[in-house]
Amino acid sequence: MTLTAPPRGFRDILPTEARELRAIERALTDAFTSYGYMPLEPPMIEHSGFESTLGGDQLIRFLDGDGSLLALRPDITTAVARLVAQRYADASGALRLSYFAPVFREEPAMLGAERQYAQAGIELVGPSGRLADAEALALLAESLARAGLKDATIEVGHVGAVRALFADLADQVRDLVMRELRDGDHVGAFRRARDGGMSASAIARARQTLGARGRGIESVLEAAGVDELREVIHLAREMFAGEPLWGVPNLALMPALPYYTGIVFEAFHPGVGFPIAAGGRNDLLVGAFGTARPATGFAINVPRLHLALYAAGWRPHLEETLVTLAPGDPVVTARLAASLRRKGVAVAIGTAAETAGLKVLAATVVDETHAKLGDGRTLTVEALANEAGTKVFR
Amino acid sequence: MSAAGRPLRFAIAQGTMLPDELAALAAVGCDVSGVTSDERRLVVRAGAMEFVRARPSDIATYVERGAADLGFVGKDVLMESGARVLELVDLRFGACRFVVAAPRSAMARSLDEYRHLGSLEVATKYPRVAGEHFRRRGIAVEIVKVAGSAEVAPLVGLADWIVDLVATGATLAANDLDVIEDIAPCTARLVANPAAYHQRRADIAPLVEKLAAWAAAR
């Protein structure tokens, strides 16, 4: 029997979906470009042993011809850290890099256990401080807005501020507490803090600070880092005002990945039960490959963004039209199609079995400058272009 | 999927924990009069909340994927599922523990087998918990997944040891099994979907606070 389905966890993206993904890609990359970010394309395959941000069981690994272990890249952030250490080791000043590319994981996104999905994101390497953190944050908000997502909120936390809450603990215990918080286990984290000798009042304060969100943050202003958190959100909203209150201070926000060191953030939408994008300051990651460099950035999970857009009723293809041209004399047909395409009309000669949800205008060739529609009207190239709409097919 | 504007959705485990769950919810002021063990409806609306009864092992999935915002679920179920949810409160009921157990008389034989064959067979309903435990301990084992009672496995020669969840230990004792090692104590937890916890903090935080106080006072 011939196998026609792709391997487990991989799938074919058919035209309706692919067209929407293209629209998302255009909107996101336009936003990245407007902040001065340059596109980048790391290879699909990396050394398996490389400083991965994920556990080995999440990598899709295989052997190279020479016996070395390789892996399909599980994210782009690590690849950027590697290439910055190699190719930009001597660069001073800010590196602004962006990507839109598939990543591969053994157990990834919870969307039908797909092993491949697209990530879109940026890395800002070099600058540290509030303006740089605010830039990454604002760019995420603006990117989502440009992709057409309304009502997204970005929850902003601060790993350094959370770490400071457990300052009384020995370093080793504190690392374990932080790991449990990253795993979402508040029960285990506070139990370990108590067993590690943290006072009941300090634990109560830590609990209160972790629970503070939005305006609630006003009640924990004395905690280290909270002021910085507020100011970064404020600056970001000066860069991109957007919808009211898209940036929400929230110290309970602790991304699962361990490499974050400062301001962290995740984007949410009411239509999706998990984060659409995640990012933050990861000053240690480039250092894993050589000299440490301050860095911040984010990655948007494109299928989840698509899901949120879909849930919100976003259907970009409905605005576009495809003209199908029932052929007559071959040369006449070719010339008429060329004239129409010069006017910006999308033309398929003959039939179209897959139209990706586009509006279809069926026409028959009359002569080099005229076509007849199904309703009996015969139109000139100009009139047909108007009928189809002048929007350029992309 | 999740949706803003809908009532806060709370998944509760059917089965032995249900009375404790309902007692906890009633104690913090939730109207659970519509949720009883003989009620056939699985989704019950009560004021600003909605209760969904589900199998314990499904609750982690519901909450992880945002189909429910909150849930009561045993730590044992969480450990085995690996679901990424927020564990907010230890409710202290439903106490049990994961243990490694072996036939009382066969300890020497299984250690001899480990020396000669280099691996032990471990029967369990909880392959993830068992696998992680022996990896951490550096003991080479072959996990034999069973769906029913693991206790019978050493008796019929299916496996040397078992990893099981015990409350009192009576079933182990009745089958001549001894606990060799404790893996982890487990109690019920209040869990939240991370997105819901962040986005609906104003609804969820008071409930967390009251349930924590209720559990602490028990």
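In every chain, residue numbers begin from 1 and rise along the written sequence. To label them, take the chains in the order written and letter them from A, then take the ligands in the order written and number them from 1. In view of the model being predicted, local features appear only for residues whose pLDDT reaches at least 70, and side-chain atom pairs are presented and counted only at 80 or more, with totals across whole chains, interfaces and linings using the full set of residues.

*Asks:* Before we go on, may I ask you to explain the overall build of chain A in this structure?
*Replies:* A count of helices and strands for chain A gives eleven helices and 16 strands. In terms of principal-axis extent, the alpha carbons of chain A reach across some 90 × 55 × 45 Å. Using C-beta atoms placed from the backbone, we call a residue buried if 20 or more other C-beta atoms fall within 10 Å of its own, exposed if 12 or fewer do, and partly exposed for counts in between. Expressed as a percentage of the 394 residues in chain A, the buried residues total 40%. A pair of residues counts as a contact when their C-beta atoms, built from backbone coordinates, are within 7 Å of each other. When contacts within chain A are restricted to residue pairs at least 6 apart in sequence, those whose partners lie at least 24 apart make up 69%. Secondary structure elements follow DSSP: runs of H or I no shorter than four residues count as helices, runs of E no shorter than two count as strands, and numbering proceeds from the N terminus.

*Asks:* Looking at this model, I keep getting lost on the domain arrangement of chain B. Mind explaining?
*Replies:* For interface size, the figure often reported is the accessible area lost on association. Residues and elements named next belong to chain B. Partitioning chain B into structural domains gives domain 1 (8-95 + 187-217) and domain 2 (96-185). For each domain, the first and last residues come from an automatic or database assignment. Here the C-alpha centroids of domain 1 and domain 2 sit 31 Å apart. Note on residue categories: nonpolar means Ala, Val, Leu, Ile, Met, Phe, Trp, Tyr, Cys or Pro, charged means Asp, Glu, Lys or Arg, and polar means any other residue, Gly included. Split into classes, the residues belonging to the side of domain 1 that touches domain 2 amount to two nonpolar, two polar and two charged.

*Asks:* Can you help me understand the interface of chain A and chain B in this one?
*Replies:* Residue-level contacts link 18 residues of chain A with 21 residues of chain B. Counting residues per element, the ones that place at least two in the side of chain A that touches chain B are strand S7 (153-158), helix H6 (186-195) and strand S10 (272-281) of chain A.

*Asks:* Just to check I follow, could you spell out the domain arrangement of chain A for this structure?
*Replies:* In terms of domain boundaries, chain A breaks down into domain 1 (15-311) and domain 2 (320-388). Look at where the C-alpha atoms of domain 1 of chain A and domain 2 of chain A centre, and you get two points 48 Å apart.

*Asks:* How should the sheet that holds strand S2 (residues 45-47) of chain A be read in this particular structure?
*Replies:* Backbone-to-backbone hydrogen bonds pair the strands of a sheet. The strands run either parallel or antiparallel. Residues and elements named next belong to chain A. We treat two strands as partners when DSSP finds at least two bridges between them. Pairing in this open sheet of three strands is antiparallel, and the strands run S2-S4-S3 from one edge to the other. A strand with exactly one partner marks an edge of an open sheet, and here the two such strands are S2 and strand S3 (61-63). Adjacent strand axes in the sheet meet at a mean angle of 40° when their direction is disregarded. Relative to strand S4 (residues 69-72), S3 is paired through three bridges, and the arrangement is antiparallel. Among the inter-strand pairings, Leu63 is bridged to a residue of S4, identified as Leu69. Axis lines are fitted through C-alpha atoms, for helices just across the contact stretch, and the angle between N-to-C directions can take any value from 0 to 180 degrees.

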